[in-house]
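# Results of the structural survey
Given next are the chains, with one letter for each unit.
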Number of protein chains: 2
Amino acid sequence: MKTLNVDLGERSYPIYIGSGLLAKTGSHLAQHGVSSKSPIMVITDDQIAPYYLQIVKDSLEQAGYKVVSAVVQSGETSKSLTVYTEMMTLAIEGGLDRSSAILALGGGVVGDLAGFVAATYMRGIRFVQIPTTILAHDSSVGGKVAVNHPLAKNIIGAFHQPEFVLYDVDTLKTLPPREVSAGLAEMLKHGLIQDEEFAYWCEEHANKLLSLDKDSLVYGLLRGCSIKADIVSQDERENGIRATLNLGHTIGHAIEAIAGYGKFLHGEAISIGMVGAAQLGVLRGADPVLYTTTRRMLESLNLPTSLPADMSTDDILAAMMHDKKFREGLMVFIIPTKIGEVVVANDVRVQDVRDVIDGLKERGVNA
Amino acid sequence: MKTLNVDLGERSYPIYIGSGLLAKTGSHLAQHGVSSKSPIMVITDDQIAPYYLQIVKDSLEQAGYKVVSAVVQSGETSKSLTVYTEMMTLAIEGGLDRSSAILALGGGVVGDLAGFVAATYMRGIRFVQIPTTILAHDSSVGGKVAVNHPLAKNIIGAFHQPEFVLYDVDTLKTLPPREVSAGLAEMLKHGLIQDEEFAYWCEEHANKLLSLDKDSLVYGLLRGCSIKADIVSQDERENGIRATLNLGHTIGHAIEAIAGYGKFLHGEAISIGMVGAAQLGVLRGADPVLYTTTRRMLESLNLPTSLPADMSTDDILAAMMHDKKFREGLMVFIIPTKIGEVVVANDVRVQDVRDVIDGLKERGVNA
C-alpha cells in the first residue's frame, strides 16, 4: 500500500492506494478516530453493489460499526436533488449523528452525491472516498462535491474534503474497457497540464494501463493524484491556478449536455475538449505539434478525438454560455501552450471557438 | 451607524447597525468589492416584500446592479428542499455567477434559506444578511444556514459566513408585538449564557425594548450580537463552547416539533425551554433563585414560561430523541448554574427531564 498526503492545512488527508484494501475499510475508519457508537452510511450504485458492497459492510461490521447502506441507480441521473433528498431521509432514519461518517463506494457520481450529502447533513459530517473507477482518481482529490440541476451540471455543491481516500486497484478489474479509457483521459490530463514527462509516460504505458497492469496503475494513479493534490493545495477554493484542472472541460461539458448526459462518458467528452483546447492553443501561436501530439496521446488510450458530424456547432456554443466557467461575463478557457503547460485565457473569441468546434467534426468517419 | 466586527480569521465580517441603512444597500455592496457586472439575487418573503423590497432594489439598481428577486411565503414551511430548489432555478435563470451575491432580506427563515442557497450555489458564493427582525440578530451571526427535512429541523445545511450584515433598526417597527418578544428571548439568552449584567439590563429595559425604543434596541442588539460573535469566534464549527448557544433549544425544538411548526414562535419555544433548563440546573444543585429569576426576566419581556397542560410529556421526550443535539447516543443539555453562566452536561437523566417537562405544564392557566 502506498500513501499520498494531500496537504490542505487542517483539512489535509491521506490517499491510500494498493491491493486488497476494501476488506480493511473498518480498521482504516477506526484508525481515523471514527467512533463505533455512531452509524456509518455507505452510498454506492447498483453496478458496484453486487461486487463490493458486502466486502465493505463485512469489514465495517467486524470493526463494530452499525452500517446503513444506500444503493442508487448507476449513472449521472443519480446526481439529482431528488436522490439527494432520499439519501438525507435514509441518513436521518438510520440515526446518523455528528460523529458519523458517510462512505462513497463507487465512481465520480457516487462520490459527488455522497460527498454533498456528507457536506450538508447536520452542516457537515465526515466523508470517506472509496473509488472504484480510474476516473475517480481525479474526482476523489480536491473536495469538490455536487449534484446537478436540470438546467446545469454540478451547479449545486460544496467543497468538502474527505477524511481519507481508500483506493483499491483490485476494484478496477470490473470496469468496462470504455470506462478504463475514459478514466485514463483524466490521468493524461494531469500530465498535459503540468508534467510533460508524465504525459509521455502515459502514452508509452498506454497498453499496460489499458490492460490494467497493477504496477502501472498504482504508479499512474499516484502520479495523477499527486499532480492534482499539488494544484489543489495551492488553491483549494478555485480562485486561481485550480482552474487549469478544467482543461478540456469547457467544450467537454457542452458536448455532454448536448449529446444528453451518458451518451459520451465524461472522460470521452473531455478528450474531445482537450483536442479542441490544443487546437485553440495552436490558433493562438503554439507549435502545431502540440495539436498532433495531444491527439496521438489520447488516441493511444483509445479515446475519441472528434465529434459526430451531425452535432450542431451552434448548440455546443449555446451550451457553453450556460457553463459555470464564466466569470463576470467573460469566458474562461484553459489553453495549452505546449505538452505539460497551460494558461488561463479570458479573452477567447467566439469565432475561434466556433472554428475549433467545426474542426472537431469527424471527417467522414460517421458519414 | 455602529459597526461590530465578527472575528473569524479570513472569514471575518462586519455587522452594521443603525437607522436608514436599507437605502444604502447598494453602496455597502460596492464597498465590499461586489462587481456590478454580476447579477445580485435578493430573497425575501411575502410579509417583508411590500415594505422593504423596493427600497433595497432601488438602492442596488442606483449602484448599477442587475437584481433578481425572489419572494417566498412567510414562515418555516419555506425552509424546505422544494423552495430551495426553486431558488436554485431562479439563480441559474437569472444568470448568477461566481462573483454574484445573494442577499437575505428578512428574518431567520429567509436568512437560513438564502444562506444555504448561497453556500451551495456553484459551491458557495457571497452572502449578505439584511435582518428585519430582532430574532435575526441571533441567526445572522455565526454562519449557520439550513433548511428543514420533514423528519428533522435544520438537518440539511452548512456553515457559510456572510460578507456583511446590514441591520436597519427602522425595519423592526413593522414587527408584531409577539415577534418582538420572541426576538428579545434570544437577546436575553445571550445574557443568561455569559453576561449577568446584560441579562439584568434586558429586564430593566424590558418596556423600552418592547416599545422599540431605538437607542435601547441598538445597544441590546449590539451587545447580543457581540456576545454571540465572541462565542462563535472561539468555536466556529461548534465543536465545543458554541454549543452553549443552544440554551433552551433541546426542549424548545421538541416543543416546536410537537405543537407543529409555527404554533409557537421559535423565541417563545426557547423561552419555555430556558425555564426548563433553569429548573434542571436547580435539580442539579443551583440556587433555586436561578429558576425564579430566569422566569421573571422572561415574563418581563411578555414571553411564555409554561406549556399547555394538554401537551404530552411522552411526545416531547420522543421528539428530543430525534433532535440532532445528540452526540454518540448521549444527550447534550445546556444547563445554567447561575444567571450569566452555563455548563454543557452530557449525563442528564431522562427521568429528570420528564419531571421538568411535567413541571412546565400550566397550572390551571389554560384549564
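An unreviewed UniProt entry annotates chain A as 3-dehydroquinate synthase originating from Paenibacillus urinalis. UniProt's Function (unreviewed entry) comment on chain A is quoted here verbatim: "Catalyzes the conversion of 3-deoxy-D-arabino-heptulosonate 7-phosphate (DAHP) to dehydroquinate (DHQ)."

### A look at the UniProt feature "binding site: Zn(2+)" (unreviewed entry) in chain A
Residues and elements named next belong to chain A. As recorded in UniProt, the sites labelled "binding site: Zn(2+)" (unreviewed entry) are E186, H249 and H266. Considering the C-alpha atoms alone, the annotated residues occupy 81 residues of sequence yet fold into one spot, their largest mutual distance being 10.6 Å. Inspection of the secondary structure assignment puts E186 in helix α6 (residues 177-194). You can call E186 buried: its relative accessible area is 1%. Not counting residues within four places of it along the chain, the set of residues in contact with E186 comprises L135, H137, D138, H249, H266 and I270. Residues in contact with H266, not counting those within four places in the same chain, are L135, K153, E186, H249, H253 and E256. Within the structure, H266 has its side chain in polar contact with the side chain of H249 (distance 3.3 Å).

### What to know about the side chain of E238 of chain A
Among the structural elements, E238 of chain A can be located in the loop between α9 (214-234) and α10 (249-259). There is a polar contact of 3.1 Å between the side chain of E238 of chain A and the side chain of N246 of chain A. Once residues lying within four places of it in the same chain are set aside, the contact partners of E238 of chain A are K144, A243 and N246 of chain A together with R98 of chain B.

### Thoughts on the relation of the copies chain B and chain A
Note on the copies: chain B fits chain A at an RMSD of 0.0 Å, the axial shift is 0.0 Å, and the rotation between them is 180 degrees. When the rotation and shift are considered jointly, the pair of chain copies conforms to a two-fold rotation axis. Minimal C-alpha distance to the rotation axis in chain B is attained by L81 of chain B, lying at 4.2 Å.

### Considering the interface of chain B and chain A
Contacts between the two partners involve 39 residues from chain B, matched on the other side by 39 residues from chain A. Across the chain B to chain A interface the summed buried area is about 3400 Å²; carbon plus sulfur atoms make up 55%. At the surface where chain B touches chain A, the tally comes to two salt bridges. Put simply, R98 of chain B and E238 of chain A hold a salt bridge, and the shortest N to O gap is 3.7 Å. Linking chain B with chain A are 12 residue pairs in polar contact (both at pLDDT 80 or more), by the criterion used here. Only α3 (81-93), α4 (108-120), β7 (144-149), β8 (152-159) and β10 (326-327) of chain B provide two or more residues apiece to the side of chain B that touches chain A.

Parameters and conventions
- Residues numbered from 1 in each chain as written.
- Chains lettered and ligands numbered in written order.
- Predicted model: local features only at pLDDT ≥ 70, side-chain atom pairs only at ≥ 80, totals over all residues.
- Heavy atoms only, no water.
- UniProt positions renumbered as here; feature names shortened; annotations may be inferred.
- Helix = DSSP H or I, 4+ residues; strand = E, 2+ residues; numbered from the N terminus.
- Buried < 20%, exposed > 50% of the residue type's maximum accessible area, 1.4 Å probe, protein only.
- Contact = heavy atoms within 4.5 Å.
- Polar contact = N/O pair within 3.5 Å; in protein donor to acceptor, adjacent residues only side chain to side chain.
- Least-squares fit on C-alpha atoms with pLDDT ≥ 70 in both.
- Buried area = accessible area lost by both parts, 1.4 Å probe.
- Salt bridge = Lys/Arg side-chain N within 4 Å of Asp/Glu carboxyl O.

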